[in-house]
Amino acid sequence: QVQLVESGGGLVQAGGSLRLSCTASGRIFNIYAMGWYRQAPGKQRELVATITSGGSTNYADSVKDRFAISRDDAKNMVYLQMNSLKPEDTAVYSCNANLVTAPLYYGVDYWGKGTLVTVSS
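Residues numbered from 1 in each chain as written. Predicted model: local features only at pLDDT ≥ 70, side-chain atom pairs only at ≥ 80, totals over all residues. Heavy atoms only, no water.

Undergrad: Could you give an account of the pattern of salt bridges, naming the residues involved and the relevant values?
TA: Scanning the model with the defined rule gives five salt bridges in all. Of the charged contacts, one joins D89 and R38 as a salt bridge, the two residues approaching to 3.0 Å between their closest N and O atoms. Here the residue D89 occupies a position in the loop between strand 8 (77-82) and strand 9 (91-101), and R38 occupies one in strand 4 (residues 28-39), the gap between them amounting to 51 residues. Residue R38 is classed as buried on the basis of its relative accessible area of 6%. D73 is the salt-bridge partner of R71, the closest N and O atoms lying 3.2 Å from each other. Each member of the salt-bridge network shares a partner with another, and the members are R38, E46, R66 and D89. (Salt bridge = Lys/Arg side-chain N within 4 Å of Asp/Glu carboxyl O. Helix = DSSP H or I, 4+ residues; strand = E, 2+ residues; numbered from the N terminus. Buried < 20%, exposed > 50% of the residue type's maximum accessible area, 1.4 Å probe, protein only.)

Undergrad: If you had to explain the environment of N76 to someone new, which residues and values would you point to?
TA: Along the polypeptide, N76 turns up in the loop between strand 7 (67-72) and strand 8. Judged by relative accessible area, which is 24%, N76 ranks as partly exposed. On a C-alpha basis, the gap between N76 and G107 in space is 15 Å, while along the polypeptide they are 31 residues apart.

Remember that the coordinates give geometry; whether it matters functionally is a separate question.
Below, the structure is given as structure tokens:
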């Protein structure tokens, strides 16, 4: 079965940096897209950044110029480099992948359990 596992969350001071990692494992034929979402207390889950198999990226306006998403296709991994962190960035960050797993022939969304990022003032 497919699993997504995140790592890299933790406590950081405002202005600091963290890098989140997500590894997809299982019998994966193709990953169409991977991304990061976050959910803060009392808020709905929102898109942070995505990257497609073609390398196209998309960022939430609130993180543009501060965060950068990247991937390593050979390792089925996606990263989120977070710089200039603000207290407002505090949330549970979840990894998402739209991928094809045998014996299916179409993409299905998978989610990791999330990793907590806490930014102190």
